[in-house]
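Overview (structure and organization)
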Protein chains: 4
Amino acid sequence: MRQPGQSREGVRPVAQEAPGPVPGVVLPPRLLPGQMKAEVVRLLQSRGVTLEAIAQVVLAVQGHYFVNLTLEECLLAVEAVVEKREVQHAVLTGAALDMLAEQRRLPEPLGAILRADDGLYGVDEVMALAVTNIYGSIGLTNFGYLDKEKLGIIGELNRRKGGQVHTFLDDLVAAIAAAAAARIAHQRAGGG
Amino acid sequence: MRQPGQSREGVRPVAQEAPGPVPGVVLPPRLLPGQMKAEVVRLLQSRGVTLEAIAQVVLAVQGHYFVNLTLEECLLAVEAVVEKREVQHAVLTGAALDMLAEQRRLPEPLGAILRADDGLYGVDEVMALAVTNIYGSIGLTNFGYLDKEKLGIIGELNRRKGGQVHTFLDDLVAAIAAAAAARIAHQRAGGG
Amino acid sequence: MRQPGQSREGVRPVAQEAPGPVPGVVLPPRLLPGQMKAEVVRLLQSRGVTLEAIAQVVLAVQGHYFVNLTLEECLLAVEAVVEKREVQHAVLTGAALDMLAEQRRLPEPLGAILRADDGLYGVDEVMALAVTNIYGSIGLTNFGYLDKEKLGIIGELNRRKGGQVHTFLDDLVAAIAAAAAARIAHQRAGGG
Amino acid sequence: MRQPGQSREGVRPVAQEAPGPVPGVVLPPRLLPGQMKAEVVRLLQSRGVTLEAIAQVVLAVQGHYFVNLTLEECLLAVEAVVEKREVQHAVLTGAALDMLAEQRRLPEPLGAILRADDGLYGVDEVMALAVTNIYGSIGLTNFGYLDKEKLGIIGELNRRKGGQVHTFLDDLVAAIAAAAAARIAHQRAGGG
């Protein structure tokens, strides 16, 4: 990785502070935060995942501990998770790998590993861990539980047939749900 | 770990929703968020670390990339980091281990390992990683750099003589600085 | 952390290469690997955990996938996990924190947080994660599942009464079991 | 992720124990460990990275602490790192993303983010962390240092022009070097 703020040529990214383009400095075509979120929500939907379906998983896993928890509060938490840049980057990357594996456009043996959802391939879990941890390490337990029990939409992704590949997406959805659950736990306790 | 919101006896912590004590349910004596932060700042100071000293490390490492960065902006970022519960818990735990090692009140061989700051002991880095990551994985590079180069207060902690033990604290301070740097990078980019 | 191989005073640890003591260089009183393992096994037993009990958890979680898996193979995997220095350091540290919390010898509010096993305290999970990952990230799912379902000895630790504190140990035992399960999965697949 | 050993249809992978194909169970086309390593070495070379170049980075970073360390010992450590399945999977995945970004075959905005090596994109660091940690958390400091200082081949990857993308590979190479350094530190201490 380049250092945050560092441009490709090692020049300070003054363009971020100053108006107007700076010759020779190619800045990342960064979407505005709101655009990026909309793009990620659209991508999730195109892969069969709505934020509501994720919120239902959150309610299933966290409703035991907070009796008055509503689907609406869960949905707000999922929305907040998807606003985080770390989460957006993980979803963009994981979903792209799934789609390219489906379309047989990945180099081998990577494509075959992803299409088989090889149990010894752990990059999907590593990427999910970064999402799980955005509200701290207490999300870890729920992630592991959801990844194994495959509640709701996570199980649907896992069962899909017909050449669909969701090797990354099922973990990422479990991780988003686990992060939303952690957010709710922190908020209910007052602070964060 | 118990699940968030779960009490020692597996009873739902209704006391968090309902007024008044519930017989038989012992709730954690949770400090209010503001009290907790004050406690952590006081603890850091008692170990020779001010938030200003951490802010100076942030400025040293991030000033290269953002030319108009001020010490004041760095201090605000450090303050925000120390408001996070994940960070507070890590500092309380790491500083307690350092102090107990100093006072020879840890069981052996753990005490000796901490007093020698054994290079093969990695629990300090693991705990620091949880702090580093509160604004996402981009803090990782700065953490490793600071942990090796030992700029400013980190180097002072590392050089202290006379029986002082800072095996955990030097890593935790590097991690707080790295997290603050990540926060600044995200904010400067607008969002996050 | 000091760099591996670096002594307290920044002097190169030539004593590790050369015979005889080097004046002025205090080396960590490192136990031999075999001694360290025996010490960790003894410590686990003193806290009520045998390697056999952990092996039973491994069998319960991994027997679904490998029909001919035996308790003996699980025990060998647990033994291999406990030989890893990363695991030994985590157990020494976590068990010491549990015991000091029991004996009310930790500074407050840390002692109270550990005695209550506060669901928002995540340092135990962070430390467990380092153990879980010694055979790669595929251990993560089993860790989360075990930490939530609390099979076998993990549930026993969690239910113990009478002032016993196992805030760290229940997570560490789940992590050792998850790492052993990952080791078995890699070995069955031939390599890794 | 599917559980290790679990097949796509939830059927137990008896085919791994029994000779002959099992109707209806599609097993991952797993390469033998030796084939996989050769494939990864070939892929690294096609991207301009030899194991020798990585060994030189290890020597540069670890030679300070172990005066009699040789390039040969560093190369053996790098070879051992590249034999780990976790590392192989990370390299296959990261290099594929770099190459697809170069060829403009990734969906947008992901392709643009990778081509710009956006400093706020942290998936590369997350993936590198999984490599760094294969010999425990003591690799973390060296990874961060190498990722910032960009010694040797890491700097070369970072400076390459002409449309080449090494957003993942420079971090992965730093991580392989850091893991090799951790392996050497553990071995020199006798065990691990």
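Residues numbered from 1 in each chain as written. Chains lettered and ligands numbered in written order. Predicted model: local features only at pLDDT ≥ 70, side-chain atom pairs only at ≥ 80, totals over all residues. Heavy atoms only, no water.

1. What to know about the overall build of chain A
How we decide: Think of it this way: any DSSP run of H or I at least four residues long counts as a helix, any run of E at least two long counts as a strand, and we number them from the N terminus. Only protein chains enter the calculation, and the probe is 1.4 Å; a residue is then buried if its accessible area is under 20% of its type maximum, exposed if over 50%, and partly exposed in between. It only takes one pair of heavy atoms within 4.5 Å for two residues to be counted as in contact. Only the protein chains shown count as cover for residues, and the accessible areas themselves come from Shrake-Rupley with a 1.4 Å probe.
Assigned secondary structure in chain A consists of nine helices and zero strands. Secondary structure elements in chain A, listed N-terminal to C-terminal, are α-α-α-α-α-α-α-α-α. With 192 residues in all, chain A has 63% of them scored as buried. Long-range contacts, defined here as pairs at least 24 residues apart, represent 71% of the contacts in chain A between residues at least 6 apart. A total accessible area of about 6500 Å² is found for chain A, and carbon and sulfur atoms account for 55% of it.

2. As for the packing of aromatic side chains
To keep it simple, the criterion reads: When the centres of two rings from Phe, Tyr and Trp lie within 6.5 Å, Trp using its six-membered ring, the rings pair. Their planes under 30 degrees apart give stacked, over 60 give edge-to-face, and anything left gives tilted. Counting as a charge over the ring demands two things of the Lys NZ or Arg CZ atom: a distance within 6 Å of the ring centre and an angle within 35 degrees of the ring normal.
A full pass over the atoms with the stated rule returns four aromatic pairs over all chains. Here Tyr121 of chain D and Phe168 of chain D contribute two aromatic rings whose centre-to-centre distance is 6.0 Å and whose plane-to-plane angle is 80°, an arrangement assigned as edge-to-face. With Tyr121 of chain D in the loop between helix H5 (110–116) and helix H6 (123–132) and Phe168 of chain D in helix H9 (residues 167–188), the pair connects residues that are 47 residues apart, well separated along the chain. The class for Tyr121 of chain D is buried, based on a relative accessible area of 1%. For Phe168 of chain D, a relative accessible area of 0% gives the class buried. Positioned above the aromatic ring of Tyr145 of chain B, the side-chain terminus of Lys148 of chain D is 5.0 Å from the ring centre.

3. Remarks on the interface of chain A and chain D
Just so we agree on the cut-off: A 1.4 Å probe defines the accessible area here, and the buried area is the portion of it lost by two parts on being joined, summed over both. For salt bridges, the criterion is a side-chain nitrogen of Lys or Arg within 4 Å of an Asp or Glu carboxyl oxygen. Polar contact is the term for a pair of N or O atoms within 3.5 Å; when the atoms are in protein, one must be able to donate a hydrogen and the other to accept it, and sequence-neighboring residues count only if both atoms are side-chain atoms. Charged means Asp, Glu, Lys or Arg here, nonpolar means Ala, Val, Leu, Ile, Met, Phe, Trp, Tyr, Cys or Pro, and polar covers whatever is left, Gly included.
With 55 residues of chain A in contact, the opposing surface of chain D contributes 54 residues. Counting the surface lost from both chain A and chain D, the interface buries some 4600 Å², and carbon and sulfur atoms represent 59% of this. At the boundary of chain A with chain D, the tally comes to zero salt bridges. Along the contact surface separating chain A from chain D lie four residue pairs in polar contact (both at pLDDT 80 or more). Looking at the side of chain A that touches chain D, the elements with two or more residues in it are helix H1 (33–46), helix H4 (85–102), helix H5 (110–116), helix H6 (123–132), helix H7 (139–149) and helix H9 (167–188) of chain A. Its residues assigned to classes, the side of chain A that touches chain D comprises 26 nonpolar, eight polar and 21 charged.

4. A closer look at helix H2 (residues 51–62) of chain D
Threshold: An expected span of 1.5 Å times one less than the residue number is assigned to each helix.
For H2 of chain D, built from 12 residues, the straight-helix expectation of 16 Å at 1.5 Å per residue is met to within 8% by its first-to-last C-alpha distance of 16 Å. Within H2 of chain D, burial applies to Leu51, Ala53, Ile54, Ala55, Val57, Val58, Val61 and Gln62 of chain D. On its buried face, H2 of chain D sits against helix H7 (139–149) of chain B together with helix H1 (33–46), helix H3 (71–82), helix H7 (139–149), helix H8 (152–159) and H9 of chain D.

5. Here we look at the relation of the copies chain A and chain D
The two chain copies are related to each other by a rotation about an axis together with a translation along it. Spelled out, the test is: Only residues with pLDDT of at least 70 in both copies count here: their C-alpha atoms drive the least-squares fit that superposes the copies.
Of the transformation superimposing chain A on chain D, the axial component is 0.0 Å and the angular component is 180°, with the fit at an RMSD of 0.0 Å. As the rotation angle and translation indicate, the two copies are arranged about a two-fold axis. Here 98% of the contact residues of chain A are again contact residues in chain D; the copies associate through an equivalent surface.

6. A short note on the environment of Val91 of chain D
All names here are of chain D. Checked against the element boundaries, Val91 lands in helix H4 (residues 85–102). Sequence separation of Val91 and Val78 is 13 residues, and the distance between their C-alpha atoms is 14 Å. Not counting the four nearest positions on each side in its chain, Val91 is found in contact with Val40, Leu43, Leu44, Ala96, Leu172 and Ile176.

7. What about the confidence of the model for chain A?
Residues and elements named next belong to chain A. Put simply, the rule reads: Per-residue confidence from the predictor is reported as pLDDT, which spans 0 to 100.
Averaged over all residues, the pLDDT of chain A equals 85, while 82% of them reach at least 70. Note that pLDDT drops below 50 for residues 5–28; the model gives that stretch 32 contacts with residues more than four away or on any other chain. The ipTM value of the predicted complex is 0.85, and its pTM value is 0.86.

8. Description of the pattern of salt bridges
A full pass over the atoms with the stated rule returns 32 salt bridges over all chains. Here Asp170 of chain C and Lys150 of chain C are joined by a salt bridge, their closest N and O atoms 3.9 Å apart. Here Asp170 of chain C is found in helix H9 (residues 167–188), whereas its partner Lys150 of chain C is found in the loop between helix H7 (139–149) and helix H8 (152–159), with 20 residues between them in sequence. This pair shows no difference in class: Asp170 of chain C is buried, exactly as Lys150 of chain C is. Note that Lys37 of chain D and Glu79 of chain D form a salt bridge whose closest N and O atoms lie 2.4 Å from each other. Taken together, the residues span a long stretch of sequence, with Lys37 of chain D in helix H1 and Glu79 of chain D in helix H3 at a distance of 42 residues. When salt bridges that share partners are traced, they join Lys37, Glu79 and Glu83 of chain A into one network.

9. A short note on empty space enclosed by the protein
Defined as follows: Every definition here rests on a 1 Å grid over the protein atoms only: cavities are sets of points where a 1.4 Å probe fits but cannot get out, pockets are open sets enclosed by protein on both sides within 12 Å along at least five of seven lines, and lining residues have some atom within 4 Å of a point. Grid points are joined across faces, edges and corners, and a volume is the space filled by probe spheres set on the points.
Enumeration over the complete set of coordinates arrives at 14 cavities of 30 Å³ or more. Listed by contribution, the elements that provide at least two residues to the lining of the largest cavity are H6 of chain A, helix H6 (123–132) of chain B, helix H6 (123–132) of chain C together with H6 of chain D. Across the lining of the largest cavity, the residue classes tally to 19 nonpolar, 12 polar and five charged.

10. Let's talk about the side chain of Asn142 of chain A
Considering the arrangement of structural elements, one finds Asn142 of chain A in helix H7. A polar contact is formed between the side chain of Asn142 of chain A and the side chain of Lys148 of chain C, at a distance of 2.6 Å.

11. A word on unusual backbone geometry
Each neighbour pair has its own omega, and for Glu108 of chain C with Pro109 of chain C the value is 5°, a cis peptide bond. When you line up the elements, Pro109 of chain C lands in the loop between helix H4 (85–102) and helix H5 (110–116). Notably, Asp117 of chain C is not glycine yet its phi reads approximately 50°, a positive angle. Positive phi values are uncommon outside glycine, yet Lys150 of chain D reaches one of about 55°.

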